[in-house]
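Summary of structural features
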Amino acid sequence: MSHIVTLLVVLALIITLARLLGAGARRLGQPPVIGEVLAGVLVLPLLVATAPGAALFPDAIRSDLSVLANLGVALFMFVVGMELDTATVRRSGKTAVAVAVSCMALPFGLGLLVALALAGRHAPDGSHTAFLVYFAVAMSITAFPVLARLLTDRGMQRTASGSLALTSAAINDALAWVLLAVAVALSGQGADDQWLLALSVPYLALMLWGVRPALAKIMADDRVLGPGKLAVVVAGMLLSAAFTEWIGLHLIFGAFLFGVVMPPSGVRQLVHEKVAELNGVLLLPIFFIVAGLNIDLGAFTSSGLGWLALILVAAITGKFLGAYAAARACGCPPRQSAVLGTLMNTRGLTELVVLSIGVQMGLLTPQLYTLMVIMALVTTAMAAPLLSVLYPQRVLDAELRDLGGAVRAATPNPTADTTK
């Protein structure tokens, strides 16, 4: 087959497998992203190990997929940026801030300890500090989009636990991206041009006080999203991603920040829907495949499994105890605190993005990357069954009924006689 024919067949295969396994995950009570990730990191890599599968994935096809995967990551981070409600973060109470900081600090500290144990075998030469910071950040991630989808699927987004988890996750992710940028800078990528990192300060100022007001004017009519507006937004996002890639940070930071500065409006929601739908169907499944091609099955040795157990214990207990202790200290009841600890442990796709950066920057060996991918899958998959135990349907239904009554009580009766 010609190159283009092979590429089109591969894309069709990727989309089909992602949809099928995503639907299967949903039937098992898991977020669809679990099935989509498994399609990329397990099913297709096993297929590639066969002779017919290998014929579909020659080096030229893999190169094309890598380009498309980077575009998918950029669009994903753009969507994550739009989902970050900065107004909610600014007015968040002390509980959300305490939970976010605590369930960032504790897994970060435990991650540093694990990284120190791993550094002798896995830290790259000349990037010891970058490896330590990067690994600690990777252990501290919470996947805000997966968490939001999990809450929506269970109908928990309006509950006190759901609202607190969403706000805490948003703050946690903002802290994580800042620390990840530090790790990328410390890695010394493009050391001859390190001075370019100084441009991040005027770039940030331009985005906040130049691009944001300009977008607000362009999106002034929030009822219609025409091709012109969509083109401006997508082109702007790509240029922002290209700039942060050029100065030595990763393209995800530029795409993420462009999403953050998108003005709140109906157009923003329309852009979110269009970009997220296309990206979820085509480009993100490609990213999963590229991530899966980096999997090293040789990591599953006796020593590798021992390191995996250590990573899982540190990741799960760090997140859970950090969130639980902070919530209890702020007066939350034990059940709500345990639910928060469970929800903040979801890592999902966001963790895979962070891990892919580690591979690109040379901060993760294939063996360690594989173990961290397994950790991301386990911590995400365990959320749904744990919530069924900690927050059973009868408790959720009772809380939703109370919320409905409170809303009705606070809403004036339009048919009542207000003249009395």
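Rules used throughout
Residues numbered from 1 in each chain as written. Predicted model: local features only at pLDDT ≥ 70, side-chain atom pairs only at ≥ 80, totals over all residues. Heavy atoms only, no water. Helix = DSSP H or I, 4+ residues; strand = E, 2+ residues; numbered from the N terminus. Rg over C-alpha atoms; globule rule 2.2 N^0.38 Å. Buried < 20%, exposed > 50% of the residue type's maximum accessible area, 1.4 Å probe, protein only. 1 Å grid on protein atoms, 1.4 Å probe; cavity = no way out; pocket = protein on both sides within 12 Å on 5 of 7 lines; lining within 4 Å. Points joined across faces, edges and corners; volume = space filled by probe spheres on them. Nonpolar A, V, L, I, M, F, W, Y, C, P; charged D, E, K, R; others polar. Contact = heavy atoms within 4.5 Å. Patch = residues over 30% accessible without salt bridge, like charges linked within 9 Å, V, L, I, M, F, W, Y side chains within 5 Å. Areas by Shrake-Rupley, 256 points an atom, 1.4 Å probe, with all protein chains shown as cover. Salt bridge = Lys/Arg side-chain N within 4 Å of Asp/Glu carboxyl O. pLDDT = per-residue confidence, 0-100. Polar contact = N/O pair within 3.5 Å; in protein donor to acceptor, adjacent residues only side chain to side chain. Disulfide = S-S within 2.5 Å.

The number of helices and strands found in the protein chain is 19 helices and zero strands. On C-alpha atoms alone, the protein chain measures out to a radius of gyration of 22 Å, which is about the 22 Å that the 2.2 N^0.38 rule sets for 420 residues. With the C-alpha coordinates aligned to their principal axes, the bounding extent of the protein chain is approximately 80 × 50 × 45 Å. Within the protein chain, the proportion of its 420 residues that are buried is 50%.

For the rest of this paragraph, the subject is empty space enclosed by the protein. All told, the structure shown has two cavities of 30 Å³ or more when counted by the stated rule. Taken as a whole, the largest cavity holds about 50 Å³ of empty space. Lining the largest cavity, in full, are V80, L84, F144, A170, D173, A174, W177 and F256. With four residues, helix α9 (residues 160–186) is the single largest residue contributor to the lining of the largest cavity. Class assignment of the residues belonging to the lining of the largest cavity gives a composition of seven nonpolar, no polar and one charged. Size it by volume and the second largest cavity reaches roughly 30 Å³. Taken together, V33, I34, V37, G348, L349, L352, A376 and L377 make up the full set of residues lining the second largest cavity. Those elements that provide at least two residues to the lining of the second largest cavity are α2 (32–48), α16 (348–360) and α17 (366–381).

Here Y324 shows up in helix α14 (residues 302–329). Through-space distance from the C-alpha of Y324 to that of M344 is 9.9 Å; in sequence the pair is 20 residues apart. Excluding residues within four positions of it along the chain, Y324 makes contact with P334, S337 and A338.

Moving on to a nonpolar patch on the surface. There is a patch of nonpolar side chains on the surface, built from L38, L42, V43, L46, L297, F300 and L305 and spanning about 590 Å² of accessible area. With four residues, the top contributor of residues to the nonpolar patch is α2. Topologically, L305 is positioned in helix α14.

Let us look at the confidence of the model for the protein chain. On average, residues of the protein chain carry a pLDDT of 83, and 90% of them reach 70 or more. Per-element confidence in the protein chain ranges from a low mean pLDDT of 61 for helix α5 (residues 86–90) to a high of 93 for α14. Contacts for the low-pLDDT stretch residues 405–420, under 50 throughout, to residues beyond four places or in other chains number zero contacts.

The next subject is the side chain of R268. Following the sequence through the fold, R268 ends up in helix α13 (residues 266–293). Within the structure, the side chain of R268 is placed 2.4 Å from the backbone oxygen of M262, a separation counted as a polar contact. Other than its neighbours up to four places away in sequence, R268 contacts G81, M82, E83, L84, G259, V260, M262 and P263.

The next thing to look at is the state of the cysteines. This model, assessed by the stated rule, comprises zero disulfides. No disulfide involves C330; its sulfur sits 6.5 Å from the nearest other cysteine sulfur, which is in C332.

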